[in-house]
There are 2 protein chains.
Amino acid sequence: MKDTIMDIPTYDDMLAAHDRIALHVRRTPVRVSDHLNDLTGAQMFFKCENFQEPGAFKARGAANAVFGLDAAQAERGVATHSSGNHASCLSYAAMRRGIPCNVVMPHTAPQAKKDTVARYGGKITECDPSTTAREATFVRVQAETGGDFVHPYNDPRVIAGQGTCSREFMEQTDGLDVVAAPIGGGGMISGTCLTLSTLAPETQVIAAEPDQADDAYRSLQAGYIIADDAPETIADGLKVPLKDLTWHFVSNHVSEIFTASEQEIVASMKLAWKHLRIVLEPSSAVPLACVLKNPGTFAGKRVGIIVTGGNVDLDRLPWVQGGQGDDR
Amino acid sequence: MKDTIMDIPTYDDMLAAHDRIALHVRRTPVRVSDHLNDLTGAQMFFKCENFQEPGAFKARGAANAVFGLDAAQAERGVATHSSGNHASCLSYAAMRRGIPCNVVMPHTAPQAKKDTVARYGGKITECDPSTTAREATFVRVQAETGGDFVHPYNDPRVIAGQGTCSREFMEQTDGLDVVAAPIGGGGMISGTCLTLSTLAPETQVIAAEPDQADDAYRSLQAGYIIADDAPETIADGLKVPLKDLTWHFVSNHVSEIFTASEQEIVASMKLAWKHLRIVLEPSSAVPLACVLKNPGTFAGKRVGIIVTGGNVDLDRLPWVQGGQGDDR
């Protein structure tokens with residue numbers, strides 16, 4: 001592990017990240033839907049990070065870390081543990097630079113995410129689905145490979161990279177009253193806070209979390225990090241806990257954390273597929289679910305939602321009989 | 001019916017349409033995927049007309065017709081028959097102008113498309129799913145309502161409107177070697193020919209059609225319009241035949257028509273959902289299916305595909321057991 005882990009990234013780090021990654025990530029489009037505006041009473045904007053090549057916003061932080069390595073570090077490559085999208089995105093960035101990438105993934109991760117990692121040349125070591133098991137396996141893998149550890153979210157390079165998303169979002173929308181994003185480990189939310197606290201301090205940052213993995217919500221209430229081991233939710237990207245660096249941003253800059261039930265998440269996912277006509281994963285539907293159930297907070301406002309990812313197993317859709325949401 | 005039906009629209013008509021509809025349709029984004037480029041060997045660009053508010057390119061032609069009506073005509077509204085997307089799009093345009101819209105739809109049209117028409121205030125009269133039944137029912141409805149007939153494709157206003165799509169496409173991509181689009185009645189293909197024959201005459205226009213509804217393919221081979229009554233294909237937007245006006249453009253400007261099987265269409269639809277992460281309907285997957293099966297024609301070229309629509313019944317996906325493609 002790096003001893004720089006509590007280096008708080010700055011706005012200038014985000015600007016530098018944006019230059020560094022410009023050739024390696026997409027400036028994703030913003031989708032709107034009159035119908036979703038009618039349903040929510042808000043003016044909704046959806047930043048389509050599911051349109052990054054590897055299908056998630058984590059392409060940004062991963063590219064910033066990989067392309068910021070010096071030549072000696074780059075030769076040994078990178079290594080990480082991830083519930084899926086960070087693994088794909090780090091593999092993708094490493095492939096673009098031509099360096100090795102080792103990833104530890106829970107064996108329960110969706111097959112679509114494992115396939116994507118493999119396609120980008122990432123080497124997968126599987127582990128049990130708890131946070132503790134994942135971190136223990138990682139220590140072993142990293143010792144064997146010597147890859148530079150790029151944490152999925154608790155890394156200043158990663159947070160600075162994720163912050164580039166809301167910089168684009170503000171340019172593309174001419175400003176927003178609220179930016180909402182899902183919160184798992186808090187990497188995207190932290191990057192959003194990093195950028196907006198300087199660029200648009202009047203814009204609220206709101207986080208959205210599954211009821212069944214509401215550790216960030218309870219942390220913000222308690223005033224300290226509460227970490228659950230292996231929570232169960234269809235929003236598979238949001239099972240990991242906050243860490244010191246993301247807690248710094250969440251505790252200082254997040255206005256509020258809302259939560260939604262599994263049923264609300266699935267219904268919002270289907271609604272977004274139907275009316276935005278984009279493929280987004282369950283984690284990315286949590287903010288819309290929270291906006292729909294809290295009209296008093298959002299109605300009449302310009303609300304930006306970061307659609308964090310779109311890697312879904314199309315053979316196991318949660319609203320289809322036999323799909324993954326069926327027994328919940 | 002109008003006696004102006006054989007008025008061939010001009011490039012200037014397309015330019016005027018683009019100005020007329022600018023406030024009422026979206027300049028849709030273009031999606032790319034490194035992975036689909038690898039699979040096809042081409043440089044692929046996907047123009048996302050599924051992102052129009054009513055979910056299809058037909059928003060363009062419909063808006064051009066509706067907003068081009070004089071006040072007296074507008075008071076009596078518009079009327080049409082359509083397998084679905086034209087009905088939704090005409091209803092949407094009429095709603096925006098605040099005028100009545102009557103539509104004749106086959107009772108077999110997907111529920112999602114009927115719902116959309118109703119949501120936009122269109123009044124639906126159902127008919128049997130054959131072309132002859134549809135046209136007979138329409139004559140009655142139009143006589144009763146006096147609405148201005150906006151044919152789904154064989155109308156110069158509609159073709160000029162659809163032509164605005166490839167004008168944007170060329171601007172957004174800095175030029176293409178090929179533009180491919182699905183062909184049913186030929187409205188989008190005709191608009192594409194109209195625009196590109198002036199704007200980019202070196203760009204090939206290629207049409208894509210289901211094997212099971214290959215009347216345009218056979219027409220181009222024969223040199224005259226061959227119309228099938230009620231062909232069966234999962235690509236429900238492509239069941240209608242060419243008419244005189246669209247035949248003019250197809251016979252004069254289309255380089256080639258390729259066809260694909262039902263299985264190839266479904267596989268390409270799923271591939272696009274997975275890698276473009278957009279929701280597109282079966283009709284819109286036909287061009288990708290044709291590119292994948294004819295690499296000799298497309299490899300090494302800059303290929304633009306018009307993603308014509310995204311209105312899908314999410315409870316009946318063709319690759320899911322019990323879905324609509326299951327018994328084919």
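None of the values given here were measured: they were computed from a predicted structure. Here, residues in each chain are numbered from 1, in the same order as that chain's written sequence. By the order in which they are written, chains take letters starting at A while ligands take numbers starting at 1. Under the rules for a predicted model, residues below a pLDDT of 70 receive no local features and side-chain atom pairs below 80 are neither given nor counted, while totals for whole chains, interfaces and linings still include all residues.

What to know about the overall build of chain A
Note on conventions: DSSP H or I runs of at least 4 residues are helices, E runs of at least 2 residues are strands, and numbering of each starts at the N terminus. Secondary structure summary: chain A contains 14 helices and 10 strands in total. Atoms counted for the radius of gyration: C-alpha only. Globule rule: 2.2 Å times residue count to the power 0.38. A compact globule built from 328 residues should have a C-alpha radius of gyration of about 20 Å, and chain A, at 18 Å, falls within 12% of that. Exposure classification rests on a simple neighbour count of other C-beta atoms within 10 Å of a residue's own: a residue reaching 20 or more is buried, one at 12 or fewer is exposed, and one in between is partly exposed. C-beta atoms are placed from the backbone. Residues counted as buried form 56% of the 328 residues belonging to chain A. Sequence separation of at least 24 residues holds for 75% of the intrachain contacts in chain A that already meet a minimum separation of 6. Whether two residues are in contact is decided by their C-beta atoms, placed from the backbone, lying within 7 Å.

Here's the deal with the domain arrangement of chain A
All names here are of chain A. Each assigned domain of chain A is listed here: domain 1 (11–56 + 156–307) and domain 2 (59–149). Each side of the interface is counted separately: domain 1 has 26 residues, and domain 2 has 23 residues. Elements that contribute at least two residues to the side of domain 1 that touches domain 2 include exactly α1 (11–21) and α8 (156–173). If you tally residues by element for the side of domain 1 that touches domain 2, the top one is α8, at 8 residues. Residue classes in the side of domain 1 that touches domain 2 are distributed as 12 nonpolar, 8 polar and 6 charged. Bear in mind that the domain bounds are from an automatic or database domain assignment. In this count, Pro and Cys sit with the nonpolar residues alongside Ala, Val, Leu, Ile, Met, Phe, Trp and Tyr, while Asp, Glu, Lys and Arg are called charged and the others, Gly among them, polar.

Some remarks on the packing of helix α3 (residues 58–67) of chain B against helix α5 (residues 85–97) of chain B
For any two helices packed against each other, the geometry comes down to the angle between their axes and how far apart the axes lie. All names here are of chain B. Geometry is summarised by axes, namely lines fitted to C-alpha atoms with helices restricted to the contacting stretch, and by angles between N-to-C directions that run from 0 to 180 degrees. Relative orientation of the contacting elements α3 and α5 amounts to 40°, with a least axis distance of 8 Å. Taken together, the axes of α3 and α5 lie oblique to each other. Read as a crossing pair, α3 and α5 show a hand that is right-handed. Residues K58, A59, A62, A63, V66 and F67 of α3 form the contact with α5, whose own contacting residues are N85, H86, C89, L90, Y92, A93, A94 and R97. Residues belonging to the contact of α3 with α5 are distributed by class as follows: 10 nonpolar, 2 polar and 2 charged. An angle below 35 degrees is read as roughly parallel, one above 145 as roughly antiparallel, one from 65 to 115 as roughly perpendicular, and any other as oblique. Should the near helix be turned anticlockwise from the far one by less than a right angle, the crossing is termed left-handed; should it be turned clockwise, right-handed.

Some words on the interface of chain A and chain B
Each partner contributes residues to the interface: chain A has 17 residues there, and chain B has 17 residues. No other element matches helix α12 (residues 262–275) of chain A, which puts 3 residues into the side of chain A that touches chain B. A breakdown of the residues in the side of chain A that touches chain B according to their chemical character gives 8 nonpolar, 3 polar and 6 charged.

A look at the pairing of strand β8 (residues 204–210) of chain B
All names here are of chain B. Burial runs high along β8: 6 of the 7 residues are buried. In the sheet, strand β7 (residues 178–182) pairs with β8 via 5 bridges, with the strands oriented parallel. Each residue of the ladder has a partner; that of A180, found in β8, is I206. A clockwise path from the first strand over the helix to the second, with the strands pointing away from the viewer, defines a right-handed crossover. Note on the crossover from β7 through helix α9 (residues 187–199) to β8: the handedness is right-handed. Any two strands are treated as partners once DSSP identifies two or more bridges connecting them. Here β8 runs beside strand β9 (residues 254–260); their pairing, made up of 6 bridges, is parallel. Residue pairing across strands places A208 opposite F258, the latter belonging to β9.

A word on the relation of the copies chain A and chain B
The least-squares superposition of copies is restricted to C-alpha atoms, and to residues with a pLDDT of at least 70 in both copies. The two copies are related by a screw operation: chain A maps onto chain B through 180° of rotation and 0.0 Å of translation along the axis, at an RMSD of 0.0 Å. The transformation relating the two chain copies, once decomposed into turn and shift, fits a two-fold axis. By C-alpha distance to the rotation axis, the residue of chain A lying nearest is A:I278, at 2.1 Å. Both copies share a contact surface, since 100% of the interface residues of chain A are interface residues in chain B too.

Things to note about the sheet that holds strand β4 (residues 101–106) of chain B
Strand pairing in a sheet relies on backbone hydrogen bonds. The paired strands run either parallel or antiparallel. All names here are of chain B. Overall, parallel pairing links the 4 strands, which are arranged β5-β4-β3-β6 in an open sheet. Looking at which strands have only one partner, the edges of the open sheet turn out to be β5 (123–127) and β6 (148–149). Where α5 meets the sheet, its contacts fall on β3 (78–81) and β4, and the angle it forms with β4 comes to roughly 170°.

Some words on the confidence of the model for chain A
All names here are of chain A. You can read pLDDT as the predictor saying how much it trusts each residue, on a scale of 0 to 100. Of the residues in chain A, 96% reach a pLDDT of 70 or more, and the chain-wide mean stands at 93. Taken together, the stretch residues 1–5 has pLDDT below 50 and engages in 4 contacts with residues farther than four places along the chain or on a different chain. Segment residues 324–328 is flagged for pLDDT under 50; beyond a separation of four residues in sequence, or across chains, it makes 11 contacts in the model. Prediction confidence for the complex, expressed as pTM and ipTM, is 0.94 and 0.93 respectively.

As for the environment of A:P287
All names here are of chain A. Looking at the secondary structure, you find P287 in helix α13 (residues 282–293). Between the C-alpha atoms of P287 and G304, which are 17 residues apart in sequence, the distance is 9.7 Å. If we skip the residues at most four places from it in the chain, P287 touches A180, A181, P182, A208 and I305.

Concerning the sheet that holds strand β10 (residues 302–307) of chain A
Residue and element names in this part refer to chain A. On the basis of which strands lie adjacent, the open sheet formed by 6 strands has the order β1-β2-β10-β7-β8-β9 and mixed pairing. Edge positions in the sheet fall to β1 (30–31) and β9 (254–260), since each has one partner strand and no second. Two elements, β1 and strand β2 (residues 43–48), share 2 bridges in a ladder whose sense is antiparallel. Each residue of the ladder has a partner; that of V30, found in β2, is K47.

Brief notes about unusual backbone geometry
Residue and element names in this part refer to chain A. Positive phi, close to 55°, is recorded for D174, a residue that is not glycine. By the C-beta count within 10 Å, which is 7 here, D174 ends up exposed. Despite not being glycine, R277 shows a phi value in the positive range, around 60°. Structurally, R277 is set in the loop between α12 and α13.

Considering the environment of A:G163
All names here are of chain A. Along the chain, G163 turns up in helix α8. In this structure, the C-alpha to C-alpha distance between G163 and V139, residues 24 residues apart in sequence, is 28 Å. Those residues within four positions of G163 in sequence are excluded, and the remaining contacts are M14, G191, T192, L194 and T195.

What about the environment of A:H18?
All names here are of chain A. Structurally, H18 can be placed in helix α1. The buried category is assigned to H18, around which 21 C-beta atoms lie within 10 Å. Each C-alpha atom of the pair H18 and R60 lies 8.4 Å from the other, and the pair is 42 residues apart in sequence.

What to know about the pairing of β4(B)
Two faces belong to every sheet, and in a regular strand the side chains alternate between them. Residues and elements named next belong to chain B. With 6 of its 6 residues buried, β4 lies for the most part within the structure. Burial along β4 is two-sided: C101, V103 and M105 facing one way and N102, V104 and P106 facing the other are all buried. In this sheet, β4 lies alongside β3 in parallel orientation, the contact comprising 4 bridges. Bridging across to β4, V78 finds its partner in C101. Note that β4 and β5 share 5 bridges and pair parallel. Within β5, the position partnered with N102 by the bridge is K123.

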